[in-house]
Amino acid sequence: MSGLRPLSPANGGRADTPLPRFLDNSGLPIDPPVREAREGGGAVEEEMPTLLHRVKHDGSILSLCVSDELIYAGSQSGEIMVWSLETFQLVRSVQAHQGSVLCLYLADHQSVLFSSAGDAIINVWDAKTFENLYSIYSTFDVGDVFCVVYSSALQTTYFGAQNTSIQWYDLKAKDLRPRPTLTSHPSHRNHRFFDSKGPGGRTTPRPASKVVPPSSRLLEVDPENIVQYAHYGYVYCMLLITLPSGWEIGGDGGEMLLSGGGDGVVKLWTINPATSAITSAMSLSAGDSGVLSMAINDTMLYCGLTDGEICIWDLDTRQLIRSLRTHCEDVLTMAVMGNCIFSGSASGYSRKWNQRFEHMSRWQSHSGLILASAATKRHGRLIYITGGNDNCVAIWDASALAQAESQTLRSQNDQLLCSLSKLVSFRTVSSDPSYAEDCRRGATYLKQLFKRYGATATLLPSEGGRNPIVHARFGGCGTKGRNKGKTILFYGHYDVIPASESAGAGWQTRPFELTGMNGYLYGRGVSDNKGPCLAALFAAGELVQEQELDADIMFLIEGEEESGSRGFVDAVRRNKELIGDVDWILLANSYWLDDDVPCLTYGLRGVIHATVVVESDKPDLHSGVEGSRLNREPTIDLVNLLAKLTSSDGKVLIPGFSEPVRPVTPAEEEMYTAITNAIVNKPDWSHLTAAQIKDHLMSKWRFPSLTIHKVSVSGPSNATIIPRAASASISLRIVPDQELSVIKDQLVSYLRSEYSSFNSNNKLNITIDHEAEPWLGDPENDAFRTLEEAVMDVWSEGNEERVRPLYIREGGSIPTARFLEKEFGAPAAHLPCGQASDQAHLDDERLRLVNLYKSKAILKRVFKELPRK
Amino acid sequence: MCRFLVYKGTNPILLSDLILNPTHSILTQSYDCRLRLDSLPHNGDGFGVGYYTTPTLSTEPCIFTSTTPAWNCVNLSRLAKKTASSLVFAHVRATTSGALSESNCHPFSYGSLMFMHNGHIANFKKIKRAIVSAIRDEYFLMVEGSTDSEWAFAVFLDTLHSLGHSPKSPPEVQNERAGGGGGFGHGVLRQAMLGTIRRLNEFLDEAGTGEPSLLNFAATDGHSVVCTRYVCSRTDEAASLYFSSGTRFHEYKEGGFYRMERHDRGQDLVMVASEPLTFERGDWVTVPTNSILTINKQTVLIHPIIDKYYQQNPAYSRSAAFAESKGMVAEPVVSSKSVKSGTKKPAARNGKDVHPTDADRLPSGSDEGE
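Residues numbered from 1 in each chain as written. Chains lettered and ligands numbered in written order. Predicted model: local features only at pLDDT ≥ 70, side-chain atom pairs only at ≥ 80, totals over all residues. Heavy atoms only, no water.

A. Quick look at the sheet that holds strand β28 (residues 359-364) of chain A. All names here are of chain A. Spatial ordering of the open sheet is given by β25-β26-β27-β28, a layout of 4 strands whose pairing is antiparallel. Pairing within the sheet leaves two strands with one partner each, and these edge strands are β25 (331-337) and β28. Ignoring which end each strand starts from, the neighbouring axes of this sheet average 15 degrees apart. Inspection of the sheet shows strand β26 (residues 340-345) paired to strand β27 (residues 349-353) by 4 bridges, in the antiparallel sense. The residue bridging Phe-342 from the neighbouring strand is Lys-352, located in β27. (Pairing = 2+ DSSP bridges. Helix = DSSP H or I, 4+ residues; strand = E, 2+ residues; numbered from the N terminus. Axes fitted to C-alpha atoms, helices over the stretch in contact; angles between N-to-C directions.)

Set out below in structure tokens:
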């Protein structure tokens, strides 16, 4: 701890003797809480706070404040952004100023927000509706307004500016002041220079008219309400404190203003309660370095200085207690919550201190400068928020460091997030055997999680060393008679498809590290299917805790879904007795049609994957030497054969292929009309007419299709080789009432018969690699009815209009859906949790936080109510 | 009269971004300066640019001066496009005293120090002999030209000397004294500058000249900068001076449309100028009359100069008439009637009794609208 120096009164508080160790309460030395490392060094701290979320903007974040529900941030471009502290969704964005928003201040029980900026304006906002209440300006040329505070008691706002002045406006007197005429308004007054005439007598045009609030909202500061040279530097920061009674300076119980300036001085100002005027009562000087930030805890004042030092003053005695050179660069922001003090510097590092100013931890919170910070408590957790010139707001859970103080109630949503973060960290890639261990650990973690929330849970082994299936059962109370014995089966999977972890490739975050950004959670599997599985787990767990669960909720979470559910069918059949009877099946493994309207999925297509190979008995040959019209080349044969699959306009030519497809009923037609109406005017669809959209969706969802995925050849595939073999991967998506086995036979026999007409001496081989039956649910059944009600209630929360979910089908396949229905003789329903833009299987897979929380709420409703129907 | 410009930044700036390109660069100001009355062309009596290079070359500044009007100097634009420095002084000149000669072009330098002046010393002839006899030989001998400004610089050097600092002393010696900050330290420079103004006032009082002097000075030792905006009067306005600070000076639109951007609360760039370099009204702040602006590292300090000419009341409105008559301030576009003749006495305002003719004027903390 290089910078920690105790006060030595002899030399004005700056001694060079290092403090050897920390002292505990009894005065005994203890080890420093954290291993110290110099800033910029690569050492990893042990007590890093958890990054809960990161929100990105397109400019620097210069100011922050936080209420119980909302985060307010001011940007370089003059915007104020408001995010929900629960879901990190952008609630509001307001173009508030013409210059950087330098300070935000919440007052009057978080009902009023003050903002000050580089445009010399102080704006007053309703903190809930974001109505602009007042716009205050000074007749002086103040430049940037770096700080603003508001005294609710005196109804007076004080602000400090670049021209070294502190000014104030008494809102009580606003109706007594003369009406502003704009002639003195910073962006409207006539300026000797800016409105002067150039050569030819022309005045430089004013910038395009700026938004000026109506005069009813404009307030002009009384030119008498100023202390010029309040500092001999820019007035960077201010605090308003309530005086403890019995203080020798200032009145009892009144308020006092503190200001910090670029001249390295902190000034204490007494306030005249009658006039709101301020008088300098005391100056505290810590040297030459500017005071950029201040925070106060009890009577201790913490000042962040321009050169990385932090000075601590005891306001009771007005003594410099300590001066620590802690950061390498300017300490731009300080925040206090409870017993914790946070400092943030231009190096991008945050530090956390306890009340005795012992260093607790240090971590890099931004890649650039940390410009603003705020702290609050939420659900017993200590939340620390930072903003930087890397255009980010970062939200940290610092409670792990808060010394047991807050190991209390964490909200269910917090626990859900925490568990999801853990589950995502397991690289449960089923397609790559080298991750088998990760898969097993992921499964074990899930099993334990089920147990922790009151379920019985086991791992069902799969044959051939496949990943195990997690089987769990939450037992209902069963007191409500007829519900006893009813069971809902929730099916999901914990395996994921691979993700590139090399830096700079694809992902903007680390795929196996759950990262919150802009209201979304990023990570492989977060949407497909780990997030929805945990939403279901927590939904059931919470019902058990609340003793609201009547029926049993059973879970089958498999680990091979992304690899064609290998071994699932066998394992389920083997454990049929253990699993028992099932009344309903629920899945949550797909996406909405777009990003806005909740959906329910009632159909999935089936699939047949096949490989077609044509090979000769010769080796790879040189085309210049061996190429001949007499030579039957495997690749040419294959291409000719593939050409037989479709007509030149794309129609599938396998005989009888489309005949069993179920005709469109009027009821079905209606569902498509509902969807079309909902999306026809959305930007993504606006290039299509309603009829085209309907056609588009139907052909993806309820009609079969054929795809050739790839054609590959043997050998080095350069342009002089005749490959000895060529293969193609093809697939057919099939729909009710196409019978899987019939379609399969048709495909094989069609290819074979066509091939035989080629009279080629090359051999044809066809293998079926994977198959899945289509699934079509009944949107009229109880499961869908209950889901629909729940979706409407949960997603319409707070809105007047209840939006009915869209009933959609999907072009994709989930092989187990139909299998489970058949196996247990129970109907399945499918709740899509994520949005269309979730990027499942792609880079930057994500799930919106709101969708995770709402999905949990919906599933909770369904688990509770469906068995009662 | 003249125009000057000071740049100090964390990073070097290309001179052309400072003195050539901006819409109202000092080059433009030499033929289109707004804050004065007399007719065109104006600052055509030469110009000068002084800047510091890397310390390995020398701690002394490089100074380029010419009696050619700045807009005619092709060498200036060649040099400016290829020269960068993090501390730059620039000056365009219209003679008030002293002949048209390169030795009369600002900035002046002595050792690592650099100095320039915008304004004039009233009845300089009456006090020149007093100055000559008051200063030490080395500073008397330094003066090569014939301007009041250069003699003011000599007084500055002599005052610095009297404070116990040798103006010639090598930077490492200065550095030690300044506590590692480099140079003499901003406090010493400020003291020397305030001492200079005090001594000039003494000379002037002794000579009994009634006319106010306009003393906008800028001085630097290559590390800290001090600039004054000062007039020897309680009622008159000083010559104009503006400053601007931010984190990026950026040409957002072709054609010299620069803007001072603020990505954080730091002051990576600080500029002080007689006239703003751009027409971005939010970017330029008035330096209060009779104050001294200091740039220490990248922190801007503003101290009042408290003497008999200081006005306690920040809402007091000084008259711009005198500065106008000296060609230092332009007529306002709209509210010209109130300050036209220079006979009107400025009125203190206290919010309640606003003088009717003052209704569209601003109090003097800002000197807009006058």
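B. Structural context of the sheet that holds strand β8 (residues 101-107) of chain A. Residue and element names in this part refer to chain A. Taken in spatial order, the 5 strands of this open sheet run β8-β9-β10-β11-β15, and their pairing is mixed. Strand pairing shows two members of the sheet lacking a second neighbour, β8 and β15 (218-220), which therefore form its edges. Here the strands of the sheet are splayed against their neighbours by 20 degrees on average, with no regard to which way each runs. Pairing between strand β11 (residues 132-137) and β15: 3 bridges, direction parallel. Counted as the bridge partner of Ile-136 is Leu-219 from β15.

C. The packing of helix α8 (residues 666-679) of chain A against helix α9 (residues 690-701) of chain A, seen in detail. All names here are of chain A. Relative to each other, α8 and α9 sit at 120 degrees, their axes nearing to 9 Å. Taken together, α8 and α9 sit at an angle that is classed as oblique. Crossing angle aside, the handedness with which α8 passes α9 is right-handed. Residues Glu-669, Tyr-672, Thr-673, Ile-675, Thr-676 and Ile-679 of α8 form the contact with α9, whose participating residues are Ala-690, Ile-693, Lys-694, Leu-697, Met-698 and Trp-701. A class-by-class count of the residues in the contact of α8 with α9 yields 8 nonpolar, 2 polar and 2 charged. (Parallel < 35°, antiparallel > 145°, perpendicular 65-115°, else oblique. Left-handed = near helix turned anticlockwise from the far one by under 90°. Contact = heavy atoms within 4.5 Å. Nonpolar A, V, L, I, M, F, W, Y, C, P; charged D, E, K, R; others polar.)

D. Focus on the packing of helix α6 (residues 148-162) of chain B against helix α8 (residues 186-207) of chain B. Residue and element names in this part refer to chain B. The interhelical angle for the contact between α6 and α8, taken along N-to-C directions, is 125 degrees, at an axis separation of 8 Å. Between α6 and α8, the angle falls in the class oblique. α6 and α8 meet at a crossing whose hand is right-handed. Contacts from Ala-152, Val-155, Phe-156, Asp-158, Thr-159 and Leu-160 in α6 reach Val-188, Leu-189, Ala-192, Met-193, Gly-195, Thr-196, Arg-199 and Leu-200 in α8.

E. Looking closely at the UniProt feature "repeat: WD" (unreviewed entry) in chain A. Taken from the UniProt record, the annotation "repeat: WD" (unreviewed entry) applies to residues 94-135 and 254-279 of chain A. For residues 254-279 of chain A, the helix share is 0%, the strand share is 62%, and the end-to-end C-alpha distance is 14 Å. (UniProt positions renumbered as here; feature names shortened; annotations may be inferred.)

F. Here's a closer look at the side chain of A:Ser350. Residue and element names in this part refer to chain A. Note on placement: Ser-350 falls in strand β27. Polar side-chain contacts of Ser-350 include one of 2.8 Å to the side chain of Ser-365. Apart from residues lying up to four places away in sequence, Ser-350 is in contact with Ser-343, Gly-344, Ser-361, Arg-362, Trp-363, Ser-365, Ile-370, Tyr-384 and Thr-386. (Polar contact = N/O pair within 3.5 Å; in protein donor to acceptor, adjacent residues only side chain to side chain.)

G. A look at the environment of A:Leu866. Residue and element names in this part refer to chain A. Note that Leu-866 resides in the segment after α13 (849-865). Of the residues examined, Leu-866 reaches a relative accessible area of 0% and is grouped as buried. Distance in space between the C-alpha atoms of Leu-866 and Phe-784 is 9.4 Å, their sequence separation being 82 residues. Leave out the neighbours within four places in its chain, and Leu-866 touches Ile-488, Trp-584, Asp-782, Ala-783, Thr-786 and Arg-861. (Buried < 20%, exposed > 50% of the residue type's maximum accessible area, 1.4 Å probe, protein only.)

H. Region of interest: the nonpolar core. Residues and elements named next belong to chain A. Counting 117 residues, the largest nonpolar core has Phe-450, Phe-490, Phe-555, Leu-852 and Phe-863 as its most contacted members. Examining the composition of this core, we find that 10 residues originate from one element, helix α3 (residues 526-545), more than from any other. Ignoring anything within four residues of it in the chain, the contact list for Phe-450 reads Ala-455, Ala-457, Val-470, Ala-472, Phe-474, Leu-537, Phe-555 and Ile-557. Ranked by size, the runner-up nonpolar core spans 50 residues in total, among them Leu-62, Cys-303, Leu-305 and Leu-315. (Core = buried A, V, L, I, M, F, W, Y, C linked by side-chain atoms within 4.5 Å.)

I. Region of the structure containing the pairing of strand β15 (residues 299-304) of chain B. Residues and elements named next belong to chain B. Across the 6 residues that make up β15, a large majority, 6, are buried. Of the two faces of β15, the one carrying Thr-299, Leu-301 and His-303 and the one carrying Val-300, Ile-302 and Pro-304 are both buried. By the bridge criterion, 6 bridges tie strand β14 (residues 291-296) to β15 in an arrangement that is antiparallel. Paired with Ile-292 across the bridge in β15 is His-303. In this structure, the hairpin formed by β14 and β15 is closed by a connection of 2 residues, where Lys-297 is found at a positive phi of approximately 50 degrees.

J. How the structure looks around the side chain of B:His263. With respect to the helices, strands and loops of the structure, B:His263 is situated in the loop between β11 (257-261) and β12 (269-273). Polar side-chain contacts of B:His263 include one of 3.3 Å to the side chain of A:Gln76. With near-sequence residues (within four places) excluded, B:His263 lies in contact with A:Ser60, A:Leu62, A:Gln76, A:Leu371, A:Asn389, B:Thr247 and B:Arg248.

K. Representation of unusual backbone geometry in the model. The step from A:Pro736 to A:Asp737 runs through a cis peptide bond, and the omega angle for that step is 0 degrees. Relative to the elements of secondary structure, A:Asp737 occurs in the loop between β44 (725-734) and α10 (740-756). Here the residue pair B:His106 and B:Pro107 is connected by a cis peptide bond, since its omega of -10 degrees sits within 30 degrees of zero. Summarising the element assignment, B:Pro107 is placed in the loop between β4 (84-92) and β5 (108-110). Even without being a glycine, A:Arg318 presents a positive backbone phi close to 55 degrees. The class of A:Arg318 is buried, set by a relative accessible area of 16%. You will see that A:Gln839, though not glycine, has its phi angle at about 65 degrees, which is positive. Its place among the elements puts A:Gln839 in the loop between β48 (828-830) and β49 (846-848).

L. Quick look at the confidence of the model for chain B. All names here are of chain B. Mean pLDDT for chain B: 79, with 79% of residues reaching 70 or above. Averaged over each element, pLDDT in chain B is lowest for helix α7 (residues 171-177) (58) and highest for strand β8 (residues 225-229) (96). Predicted confidence for residues 37-41 stays below pLDDT 50, and this span has 7 contacts to residues more than four positions away or in other chains. Taken together, the stretch residues 330-370 has pLDDT below 50 and engages in 99 contacts with residues farther than four places along the chain or on a different chain. (pLDDT = per-residue confidence, 0-100.)

M. Structural detail: the pattern of salt bridges. Residues and elements named next belong to chain A. Within the structure shown, the criterion is met by 48 salt bridges over all chains. For Asp-397, the salt bridge goes to Arg-381, with nearest N and O atoms at 3.3 Å. With Asp-397 in strand β31 (residues 392-397) and Arg-381 in strand β30 (residues 381-388), this pair connects stretches of sequence that are 16 residues apart. When its relative accessible area of 4% is taken as the criterion, Asp-397 is described as buried. Ionic contacts of the salt-bridge type, sharing partners, join the residues Glu-789, Asp-793, Arg-802, Arg-861 and Glu-865 into one network. (Salt bridge = Lys/Arg side-chain N within 4 Å of Asp/Glu carboxyl O.)

N. Just the environment of A:Leu459, in detail. All names here are of chain A. One can find Leu-459 in strand β32 (residues 456-460). On a C-alpha basis, the gap between Leu-459 and Ala-472 in space is 8.5 Å, while along the polypeptide they are 13 residues apart. Ignoring any residue separated from it by four or fewer positions in sequence, one finds Leu-459 in contact with Ala-443, Thr-444, Lys-447, Pro-468, Ile-469 and Val-470.

O. Representation of empty space enclosed by the protein. All names here are of chain A. If you walk through the whole model with that rule in mind, you get 10 cavities of 30 Å³ or more. Quantified by volume, the second largest cavity comes out at close to 100 Å³. What lines the second largest cavity is a set of 13 residues, and nearest its centre among them are Leu-85, Glu-86, Phe-88, Arg-381 and Asp-414. For the lining of the second largest cavity, the per-class residue count stands at 7 nonpolar, 2 polar and 4 charged. (1 Å grid on protein atoms, 1.4 Å probe; cavity = no way out; pocket = protein on both sides within 12 Å on 5 of 7 lines; lining within 4 Å. Points joined across faces, edges and corners; volume = space filled by probe spheres on them.)

P. Up close: the packing of aromatic side chains. All names here are of chain A. Overall, the coordinates contain 38 aromatic pairs over all chains when judged by the stated rule. With a centroid separation of 5.8 Å and an interplanar angle of 35 degrees, the aromatic rings of Trp-125 and Phe-130 are classed as tilted. In this pair, the class of Trp-125 matches that of Phe-130, namely buried. Here the aromatic residues Phe-450, Phe-474, Phe-490, Phe-555 and Phe-863 are joined through ring pairs into a cluster of three or more. The lysine or arginine in question, Lys-576, covers the ring of Phe-824, its NZ or CZ lying 5.3 Å from the ring centre. (Phe/Tyr/Trp six-rings, centres within 6.5 Å; stacked < 30°, edge-to-face > 60°. Lys NZ or Arg CZ within 6 Å of the ring centre and 35° of its normal.)

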